[in-house]
Amino acid sequence: MLRHVTARNRTLGRVAVQLYRMGVRARAKAFTALSAGAFESFGEGSTLQLPLRLQGEERIAVGSGVFVGAGAWLQTLGDGRLEIGDGCSFAGNDVLSAAASIRIGPRVLFARNVYIADHRHAFADGERAVLDQSIEQLAPVEVGEGAWLGQNVVVGPGVRIGRGAVVGANAVVLTDVPDRAVAVGAPARVVRELGVRS
């Protein structure tokens with residue numbers, strides 16, 4: 001049943017929402033300031049929104065003006081390295097897992113639930129759980145400047161996504177996507193090329 005909202009309730013509701021937003025921003029700002037020194041490098045004006053899962057942060061370089069939304073998981077394994085360019089924006093619940101190298105160019109936009117790994121789990125041994133097997137197929141991943149990855153996109157090892165490319169929601173990217181191309185599907189395929197920016 002719908003309730004009529006009075007002017008007083010509307011005002012109280014707006015105040016409560018504003019206080020909540022201020023609290024989220026303050027918490028993120030405080031955590032970011034305290035944790036920035038743990039990274040390989042950390043640019044000015046970048047924000048890490050909690051909750052956040054980090055592993056191997058000493059091999060993660062974060063550019064300036066980066067926003068990493070709540071629920072993200074940034075990890076490096078072994079000697080892997082993760083580099084996030086200036087001005088990138090991650091909506092939240094995104095996973096970047098680098099055992100070799102993941103390089104995200106500047107001004108890249110990630111929707112929610114994007115998953116990028118430069119490796120995959122081994123699963124050939126039928127006698128052992130996949131969890132107990134190592135990782136394999138290590139190959140660097142690169143996402144070019146100004147690209148946009150839609151919701152639930154998965155990017156596998158060895159892939160290069162070009163500058164200004166667009167990858168549609170739910171795509172599974174296992175081969176390269178050229179600059180200024182639109183790729184969709186599982187596996188992803190290029191469906192069109194975008195005009196050249198003037």
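Calculation notes
- Residues numbered from 1 in each chain as written.
- Predicted model: local features only at pLDDT ≥ 70, side-chain atom pairs only at ≥ 80, totals over all residues.
- Heavy atoms only, no water.
- Pairing = 2+ DSSP bridges.
- Helix = DSSP H or I, 4+ residues; strand = E, 2+ residues; numbered from the N terminus.
- Core = buried A, V, L, I, M, F, W, Y, C linked by side-chain atoms within 4.5 Å.
- Buried < 20%, exposed > 50% of the residue type's maximum accessible area, 1.4 Å probe, protein only.
- Contact = heavy atoms within 4.5 Å.
- Patch = residues over 30% accessible without salt bridge, like charges linked within 9 Å, V, L, I, M, F, W, Y side chains within 5 Å.
- Areas by Shrake-Rupley, 256 points an atom, 1.4 Å probe, with all protein chains shown as cover.
- Salt bridge = Lys/Arg side-chain N within 4 Å of Asp/Glu carboxyl O.
- Phe/Tyr/Trp six-rings, centres within 6.5 Å; stacked < 30°, edge-to-face > 60°.
- Lys NZ or Arg CZ within 6 Å of the ring centre and 35° of its normal.
- Polar contact = N/O pair within 3.5 Å; in protein donor to acceptor, adjacent residues only side chain to side chain.

## Some points on the sheet that holds strand β16 (residues 148–149)
- With mixed pairing, the eight strands of this open sheet are ordered in space as β2-β5-β8-β11-β16-β19-β21-β22. In this open sheet, the two strands that pair with only one neighbour each are β2 (47–48) and β22 (189–193).
- Both β2 and strand β5 (residues 67–68) contribute to a ladder of two bridges, which runs parallel. Of the residues in β5, the one forming a bridge with Leu-48 is Val-68.

## Some remarks on the nonpolar core
- Ile-104, Phe-110, Ile-116, Leu-149, Val-155, Ile-161 and Val-173 are the most contacted members of the largest nonpolar core, which totals 37 residues.
- Breaking this core down by element, the ones donating at least two residues are β4 (60–62), β7 (81–84), β9 (95–98), β10 (101–104), β15 (141–143) and β21 (181–184).
- For Ile-104, the residues in contact, after removing those within four places along its chain, are Glu-83, Ile-84, Gly-85, Cys-88, Leu-96, Phe-110, Ile-116 and Val-143.

## Quick word on the pairing of strand β6 (residues 73–76)
- Direction of pairing for strand β3 (residues 53–55) relative to β6: parallel, over a ladder of three bridges. When the bridges of β6 are listed, Arg-53 appears paired with Trp-73.
- As paired elements, β6 and β9 share four bridges and run parallel to each other. Residue pairing across strands places Gln-75 opposite Ser-97, the latter belonging to β9.

## A few points about a nonpolar patch on the surface
- A surface patch of nonpolar side chains, about 290 Å² in accessible area, is lined by Val-15, Leu-19 and Met-22.
- Within the secondary structure layout, Leu-19 lies in helix α1 (residues 7–35).
- Using a relative accessible area of 54% as the deciding quantity, one classes Leu-19 as exposed.

## Examining the packing of aromatic side chains
- The final tally for this structure, using the stated rule, is two aromatic pairs.
- Considering the side-chain rings of Phe-39 and Phe-42, the 5.2 Å spacing of their centres and the 50 degrees angle between planes classify their relative orientation as tilted.
- Here Phe-39 falls in the buried class, since its relative accessible area comes to 6%.
- Above the face of the Trp-73 ring, Arg-53 is positioned so that its terminal group lies 3.8 Å from the ring centre.

## Topic: the environment of Pro-157
- Counting through the fold element by element, Pro-157 comes out in the loop between β17 (154–155) and β18 (160–161).
- Residues Pro-157 and Leu-138, 19 residues apart in the sequence, show an inter-C-alpha distance of 6.3 Å.
- Once you skip the residues sitting within four places of it in the chain, Pro-157 turns out to touch Ala-117, Asp-118, His-119, Arg-120, Gln-137, Ala-139 and Val-141.

## Quick word on the side chain of Thr-76
- In this structure, Thr-76 sits in strand β6.
- A polar atom in the side chain of Thr-76 sits 2.8 Å from the backbone oxygen of Gly-56.

By themselves these figures say nothing about function.
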